[in-house]
Structures are given as C-alpha cells and as structure tokens.
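# Structure assessment
The lines below spell out each chain.
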Amino acid sequence: MVNVIDYVPGKTLLHRLNPVTKLAIAAAIIVATFLSDSYVMLLGLLVLTFALGFYAKSQGKLFSLMKLLVPIAIVMLLLQTAFVRTGEPVFLWMTSTGLITGSKACLRLLGVALPLILMLSVTKLNDLANACVEVLHIPYRYAFTFTTALRFVPVFSQEMNAIMEAQCARGVEYDTKNPIKKLQLMLPLCVPLLVTSVGKTDATALAAEQRGFYLRTRESSFKRYPMAADDKCVLALCVLLIALGVLF
Amino acid sequence: MAESTNTPQPIIELKDVSFTYASAASDGTEAPKPALSHITATIGTGEFVGIIGPSGAGKSTLASVMSGAIPHHFKGTLFGATLVDGKDTCDITLTDISQIVGSVLQDIDTQMVASVVEDEMLFGLENFGVPHTEIEGRIEETLATVGITDLRDREIATLSGGQKQKVAIAAILALHPRVLVLDEPTAALDPASSTLVFDTLEEVRRQGVTVVVIEQKVALLSKYCDRILVMDQGKLLLDGTPREVFAHAEKLRSIGVDSPRVARVYNSLAKDGLLPQGKPCLTVEEAAAIEERLIPEASRTAPAEGSFRQGSKHVVAARPYAEGAEPVVKLRDVCFQYPNGGATVKDLEMSVYPGEMVAVVGQNGAGKTTLTKLLNGLLKPSSGEVRISGLSTKEVPTSRIAAHCATLFQNPDYQLCKDTVLDEVAFGLELQGIDEEEAKRRALRVIERFGLPEKESPFSLSRGQRQVVALASVVVMEPDVVLLDEPTSGLDYRECMTVMDTVSEMANRGCAVIMVCHDMEVVSDFAERLVVMANGRILDRGATLDMFSDTSLMKEAFIEAPQIVQLSQVLSRTVSPAFAGVSQVSGIVDLTEEMVQRG
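Residues numbered from 1 in each chain as written. Chains lettered and ligands numbered in written order. Predicted model: local features only at pLDDT ≥ 70, side-chain atom pairs only at ≥ 80, totals over all residues.

As for its position among the elements, A:S38 is in the loop between α2 (19-35) and α3 (39-55). Assessed through the 12 C-beta atoms surrounding it within 10 Å, A:S38 is described here as exposed. (Helix = DSSP H or I, 4+ residues; strand = E, 2+ residues; numbered from the N terminus. Buried ≥ 20, exposed ≤ 12 C-beta atoms within 10 Å, placed from the backbone.)

The structure is reproduced here in structure tokens:
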C-alpha cells in the first residue's frame with residue numbers, strides 16, 4: 001500500500017529540520033498562495049513546492065496527489081468560467097476574466113494541498129506531535145488526536161478496499177466504468193465502515209490509556225526538538241515568502 | 001510443561017466476579033445475560049496461564065477484568081472483587097493497574113500509536129516517566145528478549161503479522177509489567193509464526209513475568225501453559241494443568257473446544273480400558289512412547305486391510321468425479337506482480353475438478369491470498385490464464401464471475417451489508433438477476449437449514465453466527481466453485497465443524513472447493529488434495545497424506561504436519577509399518593486395539 005501521507009525516509013536538510021519549522025514552511029507557502037495575485041508568484045510557489053519535493057525525494061507523493069487534484073481543478077475551472085461571465089468572450093461561453101479567475105483558483109487549490117503533503121512526507125507523525133507539544137505548547141491530547149486521525153486514514157482505506165473486494169466477489173458491480181453508479185453502490189457500505197471505525201477508535205483509546213496516556217506531560221518525550229540555527233534561518237525565509245506573497 | 005505443585009504467590013485474584021455489559025441491558029426486555037458469572041480464580045506469580053472456551057464464553061471479558069478495562073473502560077454491572085497485587089481494581093485507576101498488568105489487544109493495529117517501531121516502544125516508556133537515561137537500555141533489552149532487535153527502525157506498516165505481534169508485545173513488555181495479558185495473539189498467524197510468538201512468551205515468562213493468554217490453538221496451549229482455564233457461557237468450567245484439562249476431552253468437545261489429537265487417542269484408549277484414565281499425553285513423542293509400551297512385540301504385524309484407514313466420518317473418500325471430466329478451475333502459467341513491487345506469484349499451474357476439495361497451505365506471505373484473488377477475478381493475471389467454468393478471468397468482469405465462483409472471506413464483516421439476515425442471504429441471488437421473490441424463497445430454505453434468525457440484523461449476531469450468515473449467502477448461490485479464505489479462523493470448534501460439514505456437503509454435490517487454511521487438522525480432515533505454496537510458487541501438489549508425509553517438503557514450506565500424521569509416521573518406523581498412512585484419531589485407536597487384542 002503506497003499511501004499519500006506515508007513518511008519518506010531521508011537525511012536531507014528538510015528531514016532534519018524541526019517539525020515545527022516544516023509546519024511553518026507549509027503554512028508560509030499556503031499563506032503566500034492565498035495572498036498573491038499574479039501568475040508568476042502562484043506558479044513560482046508551485047515550482048518551489050516541487051523543488052523541495054525533488055530535494056527530499058518525495059516527488060512521487062506530490063505527483064500521485066496531482067493525479068487526484070488535477071481533475072478537480074479542471075472541474076473548478078469550468079465552473080468558474082460558467083459563473084464569471086464578465087470580460088471579453090474568448091472561447092464558447094468562456095470570457096477572459098472567467099478564465100483568469102478560474103485558472104488562479106485552480107493554481108491556489110494545488111498550491112494549498114501540495115505543501116501539506118510535502119511536509120507530512122518528510123516528518124514522522126510522532127515527531128510532529130511531540131514537537132508541537134514541546135515548541136508550540138499544544139496540549140498533548142490534541143496533538144495525539146490529530147496524529148491518530150491521520151494514522152487511521154490508511155487503516156480505513158484498507159478496510160474500505162477489503163469491503164469493496166468482498167462485495168465485488170459477491171457480484172456487486174464495483175468494477176463498473178460508470179463512476180456515479182459506483183458511488184451509489186458504495187454509499188450503503190459507509191454504515192459497516194462506521195461501525196468498525198467506532199470500535200477501533202474505542203480500542204485505541206483503551207490501549208493508549210493502558211500505556212499511561214494520562215500521565216504524559218510536556219517533559220515526557222525522550223526525543224528533544226530544539227530550534228536550531230537552521231530552523232531560525234528557514235523561519236526568516238518563511239516570513240520573506242509571505243511578504244513576497246503580499247507584494248505580488 | 002512443568003506441573004506446579006506448590007502454590008505461588010497470587011498476583012491476580014478474582015473473587016466471585018460477575019459482569020454484565022451495559023449495552024446488553026439496554027436492548028431486550030428479558031433479564032440481560034451476564035458475560036461473566038461467579039468467577040473465582042487466582043493467577044500466581046510467574047505462571048503461564050491459558051484461557052480457552054467457545055466463542056461468546058466470556059474469555060475477552062475475563063481478560064478485560066484482569067487488565068482493569070473493566071470497570072474503568074467498559075460500562076456495565078460488576079459484582080465481586082478483583083485484586084491485582086492485593087489492590088481492588090475498583091479502588092485504583094486504570095493507569096495504576098496497567099503499570100502492573102500490561103495487556104495486548106486482539107486487534108493490534110488499533111493498539112499501535114506510532115509509525116516506526118522505536119517510537120511505538122517509546123510511547124509507554126515516556127508516559128510512565130521512565131528516566132530518560134534508562135530508556136535506551138530498556139528498549140534494547142526488550143527488543144532482544146522478543147528477538148526483534150533488527151526491526152527497531154522499521155516502519156510498522158511494512159511488517160508481517162507475526163512481526164507486528166512481537167512489536168506489540170515488546171511495547172508493553174518494555175514497561176516492565178508483572179503480568180502480561182494477551183487476547184488471541186496468534187489468531188491471524190500461520191503455525192510457524194504462532195509458535196514463534198509462544199516461544200517469545202515462554203522467554204518472557206522465564207524472566208519472571210506472569211503470562212495470561214487467550215488462545216484457540218490447543219496444541220500450543222498444551223505445550224506451553226502450566227495451567228488452563230476453560231470458560232463456557234460466562235462460567236469457569238475447568239481449571240487445571242493441561243493434562244488434567246484435556247483428560248475431559250469429551251466434555252470439552254460438547255461445549256465446542258477441541259483437544260490435541262494425541263490426547264484424544266489416549267482418551268479413547270483409556271476409555272476402552274487399555275490405559276489408565278486421567279493423564280493423557282500431549283505431544284507426539286509421548287504418544288509414540290506410550291503406544292510402543294502398549295503394543296506387544298508379537299502382534300506388530302499388519303492386519304488385513306481394515307476399517308482403521310477410514311477412521312472418522314471425516315475421512316475423505318476420493319470423490320466420484322467422472323473420469324476425463326473437464327476441470328472447473330484451470331490455471332495455466334499464471335504470474336502476477338503487485339504494481340508497487342510487493343509480493344509476486346509465479347508459474348502457477350493447477351486444475352480442480354467438480355466435487356473436489358483442495359486445500360492451499362503455506363506460510364503467511366507465501367502467496368495464498370493472491371492465488372484466491374486471482375481465482376475469483378479480483379486480480380487479473382499479468383501473464384497466463386485463469387479459467388473458471390470456462391470463463392477467462394481476464395475477459396469477464398469480476399462481478400460476473402461471482403455467479404460461478406463464490407468466496408467466503410476470513411472476516412464476514414466485509415461481506416455483510418444488509419439490514420436483515422434474509423436480505424443478506426438473498427442479496428447475492430438478486431445481484432445475479434434472479435427476481436426478488438424467487439431469491440427470498442431460496443434464501444429462506446438455506447436460512448432454515450442453518451437455523452439462523454431471518455429477521456435479525458446480521459451485525460447484532462455473534463462473530464461465529466455472522467460467519468454462518470456469510471456461509472449461507474455462499475451456499476444459496478449454488479456456485480460451481482467455492483473459495484474459502486481461512487474459513488475457520490476466529491471460530492470455535494463447533495462453529496468450525498458447521499462450516500466445514502456444509503462445505504464438504506457442497507463438494508459431494510459436485511461443487512469444487514478450494515480452501516486456504518492454516519489449521520492443518522482441518523485440512524487433513526477435509527481436503528483430499530493439497531497445494532503447498534512458498535515464496536509465491538507452488539512447491540508441490542498431490543494427495544493430502546502424501547504431501548503431509550513428505551517431511552522435506554513440509555520443512556521447505558514451514559508447515560507442521562498434523563499430530564496424527566506425525567504420530568503414524570513415528571509408529572510406522574518404531575512399532576509396525578501398518579501405521580503408515582493412518583490420518584485419523586479413530587484409525588490409530590482401532591489399529592492399536594486390534595494389535596493389543598491379538599497379543
């Protein structure tokens with residue numbers, strides 16, 4: 001199972017940075033993406049994300065996410081052009097303003113989703129949780145909830161897969177080419193999936209408590225996450241990036 | 001193995017404990033059934049205790065009481081007292097209890113909190129405030145005890161089932177609990193990995209930790225435990241050493257608990273007055289030694305071909321598939337590789353005829369599940385061809401193959417999706433375009449046969465009954481081929497027999513049955529042919545007994561032949577060649593009695 005949020009091991013600077021700094025990088029790229037309003041900047045931010053991805057050798061994740069996002073982006077573009085009808089007509093119903101706002105919205109969608117995935121692929125979830133507790137003083141229970149939710153994503157997708165396979169082997173047409181029909185067939189399965197997931201969550205809560213979850217404090221973590229000089233430089237660059245986003 | 005005579009210091013004491021789940025009380029007008037009733041038992045320090053019983057007997061509930069999850073996590077009505085290290089579990093917090101009693105849950109995926117083994121180990125150590133200077137030492141020591149030092153930096157998602165189980169054990173063990181409670185740690189494992197897990201537990205016990213384990217595999221329990229508790233319907237039925245417990249094989253069988261096969265040989269001989277009652281043998285070696293003493297030298301010649309080769313009702317007579325009949329399943333040169341470079345299967349060749357029952361055996365990861373998915377069309381071969389009833393799986397969509405090839409999955413919950421048992425069973429027929437009324441009528445017939453409640457929701461039934469519902473929806477299809485993926489895992493002996501008897505009846509009516517199964521006793525009872533797999537290849541195929549008798553083949557595939565086959569092999573060397581090829585308990589018993597009488 002290749003999963004989009006799996007950790008990609010490595011020893012690059014990006015891997016070695018404090019998890020909080022990595023979070024800051026992702027946040028800075030996202031904020032800059034929202035603030036900027038020029039193609040140059042939006043494309044530049046995407047290029048930056050991909051450059052970082054290639055550097056950390058997690059470009060595979062980015063591309064597999066792109067495969068998912070590009071169709072959504074195209075649908076968004078078409079909708080935008082249908083709603084925004086001001087400006088010069090260009091092609092069929094599309095107008096120049098429609099195309100411009102639409103394409104920028106698409107670029108923003110990609111620009112928001114990709115940095116988060118990039119950041120998760122170079123950070124172990126436990127490190128992220130521990131660092132958030134230590135550096136940002138977030139209560140551990142929230143950090144734990146967040147990481148556990150992320151950790152359950154592949155577990156549930158496996159579960160869903162197993163259910164679909166079992167139903168397919170019974171003769172339910174999950175192998176149909178029609179996506180709407182497939183979706184219709186999938187809906188009734190949400191109930192069993194929900195039932196099992198509630199059970200699993202309960203078991204997780206029990207197991208965590210039996211391993212002293214409630215005793216955990218900010219000092220508990222064995223690994224330490226100090227902010228090093230590298231981190232400070234990168235944080236400064238992040239501020240610069242946001243400033244660029246405001247300017248362009 | 002060791003029979004303890006002096007009573008050790010108690011670490012867990014249950015005094016007249018009864019428990020009823022709150023959820024059981026809310027629905028239904030009659031008085032709710034207690035999950036545990038009046039249990040009194042003591043677990044001594046340093047003991048290795050096994051808990052066994054049919055499904056729904058209250059084994060997991062008992063484990064929850066010992067680990068403090070009851071009363072602190074599961075809600076319900078609790079009577080009596082549970083003392084852990086002398087303190088009542090109601091008076092101290094779950095966190096306090098878990099520093100003494102470490103527990104490993106049944107579904108270990110839910111227990112894991114991290115993505116890397118080292119982080120998983122750290123979690124508990126950090127929480128319980130183990131000094132940071134000590135942590136490194138503890139991790140190294142525990143990983144070494146469990147034998148997974150090399151896994152320290154591995155991602156948990158990439159580990160095998162057996163390795164994961166060991167990580168779960170190590171993560172708890174690092175906390176230095178004084179008791180380790182495990183709920184069916186080997187349920188998803190093949191025989192070789194199961195033995196390794198128990199070896200690990202044995203090592204843990206040697207270091208002074210008390211081990212309490214819920215387990216269905218009787219051969220493992222009898223080999224490793226000092227004491228076995230037998231549960232039935234919330235009550236403690238038997239409590240004693242494995243020998244004491246398995247002397248009551250008849251009683252155990254009536255509640256749905258299997259006994260080691262060699263113990264059954266001994267018990268049968270004892271019943272007929274040839275051996276003293278009460279202390280059955282538990283291993284093949286013991287049984288062989290006893291037989292050797294029992295049978296006089298003079299009478300060791302082979303009697304005329306007798307009934308002993310037939311043995312019990314299970315013995316598989318070659319089924320009457322017509323000479324030259326077309327195989328209903330045909331695999332030719334089949335290769336498959338998962339796209340992300342995972343496991344592969346290579347050069348699979350296999351034909352199955354109508355009315356045959358074929359078992360596929362091998363280690364976890366040998367490619368058995370991939371083979372079943374190739375058969376029911378969930379996977380398409382990358383080269384070669386799979387034909388089911390003449391249909392090539394490459395050309396026909398999976399949902400159409402379903403009309404010819406029905407699959408019973410290991411986990412029935414993946415299969416169930418309807419509101420009532422009746423709808424569930426009729427669903428498969430409706431999908432094949434049979435009109436609703438006809439489908440319901442056929443479904444009702446099958447439901448009646450299994451005695452299932454037709455109006456209930458399948459999800460409200462017990463695990464074993466859900467498996468039977470899934471089985472009913474396979475039977476109703478009247479397919480040409482039935483695929484069983486671990487049909488007996490998670491079921492008790494009685495449920496297992498219901499499933500297997502039904503399936504072999506289907507085979508008698510001309511349906512081809514292919515089953516993937518870890519339980520070699522079931523395989524030797526029911527399958528007439530064996531396909532042995534290892535590393536994605538078929539090592540060999542042939543008659544069940546021939547395969548089990550091939551010691552080097554068994555070794556190569558990491559399979560242990562069933563006890564009776566092992567016993568008859570030993571006896572044919574030491575006592576009389578007449579024992580060769582006997583595969584049933586009653587066969588050994590009959591032959592022994594015949595020889596003794598002649599002597």
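A separate point is the sheet that holds strand β5 (residues 87-88) of chain B. Adjacent strands of a sheet form backbone hydrogen bonds with each other and so pair up, either parallel or antiparallel. All names here are of chain B. An order of β2-β1-β4-β5 is seen for the four strands of this open sheet, with the pairing classed as antiparallel. Every interior strand has two partners, whereas the edge strands, β2 (36-44) and β5, have only one. As paired strands, strand β4 (residues 76-84) and β5 are joined by two bridges and run antiparallel to one another. Among the inter-strand pairings, V84 is bridged to a residue of β5, identified as K87. Contacts between helix α2 (residues 59-67) and the sheet are confined to β1 (10-21), β2 and β4, with β1 contributing the most and set at about 125° to the helix. (Pairing = 2+ DSSP bridges. Contact = placed C-beta atoms within 7 Å. Axes fitted to C-alpha atoms, helices over the stretch in contact; angles between N-to-C directions.)

How big an interface is tends to be stated in terms of the accessible area lost upon association of its parts. Residues and elements named next belong to chain A. We note that the domain assignment places domain 1 (13-132 + 225-247) and domain 2 (138-215) within chain A. The distance between the C-alpha centroids of domain 1 and domain 2 comes to 28 Å. Between domain 1 and domain 2, the residue contacts involve five residues of the former and six residues of the latter. When grouped by side-chain class, the residues that make up the side of domain 1 that touches domain 2 number four nonpolar, one polar and no charged. (Domains from an automatic or database assignment. Nonpolar A, V, L, I, M, F, W, Y, C, P; charged D, E, K, R; others polar.)

One finds B:A170, B:V425, B:A472, B:V481, B:V482, B:V513 and B:I514 to be the most contacted residues of the largest nonpolar core, which totals 208 residues. Once you skip the residues sitting within four places of it in the chain, B:V513 turns out to touch B:M357, B:V358, B:V482, B:L484, B:V503, B:M506 and B:A507. One finds A:M41, A:L77, A:I117 and A:V122 within the second-largest nonpolar core, a separate group that totals 38 residues. (Core = buried A, V, L, I, M, F, W, Y, C linked by C-beta atoms within 7 Å.)

Fine structural detail should not be taken from predicted coordinates in areas where pLDDT scores are low. Residues and elements named next belong to chain B. A residue-level look at chain B finds 93% of positions with pLDDT of 70 or above and a mean pLDDT of 86. Contacts of residues 310-315 to residues separated by more than four positions or lying in other chains number 10 contacts, the stretch itself having pLDDT below 50. Interface scoring of the predicted complex returns ipTM 0.80; its pTM is 0.85. (pLDDT = per-residue confidence, 0-100.)

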